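What follows is the residue order along each chain.
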Amino acid sequence: MTKYIVLLRGINVGGHKKVPMAELRELLSKSGFENVSTYIQSGNVILQSKEENSQNIEKTIQKAIKNYFEFDVPVIAKTRTQLQIIFDACPFSKEKKENSYFIIFNEIPKRDLIDLVSSISFENEEFVIINDCLYYHSSKGYGQSKFNMNSFEKKLNVKATSRNYKTMLKLIAISSEN
């Protein structure tokens, strides 16, 4: 059994795409996953699966949510090791890292697309793309920034979801537990 951290994008935000965590846990358990737990209401799931292919896990969860809740939700599944690698690769100083966002992709974008978006810049904001993550920091804060994850997602031709430093730390800690 492999433990996965599953990140759902855009649920329970502003009253849209409501997904009660108890129902989600039950749905995923009925879908063949084991030891399903959730962290906060924003779509963080820790589960175990016999399936070794994260893309198959993503598809199974997307289909289950679509059938049960009747809407599409982008899903990204990573092993604990993969999430730890993403976290550890953050290029920012400790102070910036603690105030940064991790925009996690479902796959590594193509090099020419990365080169294209690397020329984008906003005042008091910085980002670095390393493999399947865009590390983002704004001295004004995420809510006051000009950065638009949807735009980057489209330009890089990937699915993405963001988590802040504290959520990343917690997901890594929870997924370490037995």
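Throughout what follows, the structure given in this document is the object of discussion. (Residues numbered from 1 in each chain as written. Predicted model: local features only at pLDDT ≥ 70, side-chain atom pairs only at ≥ 80, totals over all residues. Heavy atoms only, no water.)

### Here's the deal with the environment of Ile76
Working step 1: By the secondary structure assignment, Ile76 is in strand E4 (residues 75-79).
Working step 2: Classification of Ile76 by relative accessible area gives buried; the value is 2%.
Working step 3: Not counting residues up to four positions away in its chain, the partners in contact with Ile76 are Ile5, Val6, Leu7, Glu58, Ile104, Phe105, Asn106, Lys159, Ala160 and Thr161. (Helix = DSSP H or I, 4+ residues; strand = E, 2+ residues; numbered from the N terminus. Buried < 20%, exposed > 50% of the residue type's maximum accessible area, 1.4 Å probe, protein only. Contact = heavy atoms within 4.5 Å.)

### Comments concerning the side chain of Lys97
Working step 1: Mapped onto the fold, Lys97 is located in helix H4 (residues 94-97).
Working step 2: Buried Lys97, no salt bridge; nearest opposite-charge side chain is Asp88, N-O distance 4.8 Å.
Working step 3: Reaching out from Lys97, the side chain makes a polar contact with the backbone oxygen of Phe87 at a distance of 3.1 Å.
Working step 4: With residues near it in sequence (within four places) discarded, Lys97 still touches Phe87, Asp88, Cys90, Phe92, Phe102 and Tyr165. (Lys, Arg positive; Asp, Glu negative; His and termini not counted. Salt bridge = Lys/Arg side-chain N within 4 Å of Asp/Glu carboxyl O. Polar contact = N/O pair within 3.5 Å; in protein donor to acceptor, adjacent residues only side chain to side chain.)

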